[in-house]
Amino acid sequence: MSSLPNLLTLSRILAVPLLVALMWGTGHWQWFTAFVVFSIAGLTDYLDGYLARAQGTVSKIGVFLDPIADKIMVAATIVMLIHSGLVHGLAVIAALIILLREIIVSGLREYLASLQVSLPVSRLAKWKTAFQMIALGALVLAGSAPVLLPWLPALEIGIASLWIAAALTLVTGYDYLRVGLKHMA
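Residues numbered from 1 in each chain as written. Predicted model: local features only at pLDDT ≥ 70, side-chain atom pairs only at ≥ 80, totals over all residues. Heavy atoms only, no water.

Draft legend 1. Quick look at the packing of aromatic side chains. Evaluation of the coordinates by the stated rule reveals three aromatic pairs. Both rings, one in W29 and one in F32, keep their centres 6.2 Å apart while their planes meet at 80°; by these two values the pair is edge-to-face. Of this pair, W29 and F32 are both found in helix α2 (residues 28–55), three residues apart, which corresponds to roughly one turn of the helix. Judged by relative accessible area, F32 falls into the partly exposed class, the value being 27%. When the centroid spacing of 6.2 Å and the interplanar angle of 40° are considered together, the rings of F32 and F35 count as tilted. (Phe/Tyr/Trp six-rings, centres within 6.5 Å; stacked < 30°, edge-to-face > 60°. Helix = DSSP H or I, 4+ residues; strand = E, 2+ residues; numbered from the N terminus. Buried < 20%, exposed > 50% of the residue type's maximum accessible area, 1.4 Å probe, protein only.)

Draft legend 2. Representation of α2. Look at α2: 40 Å from first C-alpha to last across 28 residues, which is about the 40 Å you get at 1.5 Å a residue. Where α2 is concerned, the buried positions are W31, A34, V37, F38, A41, T44, D45, D48, G49, L51 and A52. Positive backbone phi, at 65°, marks G56, one or two positions downstream of α2. (Expected span 1.5 Å × (residues − 1).)

Read these as spatial facts, not as claims about activity.
Dropping the structure here:
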């Protein structure tokens with residue numbers, strides 16, 4: 001557990017309560033700080049996997065915790081964005097598509113693991129994750145942007161990216177489900 005990649009993953013999980021507390025606030029500086037925390041956490045998501053592979057320290061605990069850390073951070077951020085009203089109206093549907101896919105794919109992976117069948121991450125799923133992180137980061141930044149960065153259309157970028165992420169989520173979720181259903185007969 002004490003390898004740097006595992007510590008980075010664990011730091012992402014531990015950052016979620018801070019992220020939520022900052023997003024609970026109404027101050028623009030709180031939201032900007034939440035954006036910084038979210039961005040650093042997103043960077044650790046990339047770094048932990050890269051370092052584990054580069055150093056040859058891929059561990060079972062890391063493989064287990066990494067997707068959990070991602071899902072906790074994404075789910076908490078989406079819930080707080082809806083709570084704050086930054087994600088509202090039809091955009092809530094895009095957010096729910098992302099949440100539901102994460103739950104379904106997690107369950108599918110767990111079921112397939114019991115059959116000793118792996119479900120590797122597809123290239124398209126990596127694009128989905130990229131758009132998802134851009135969307136959520138931009139939306140968190142939008143909480144402070146009207147005052148701190150009035151020239152930046154963070155809300156519009158965030159909502160557009162959220163819909164792109166939701167569309168990719170549907171495609172990748174279907175791909176995973178199609179593969180998984182072959183093992184459920």
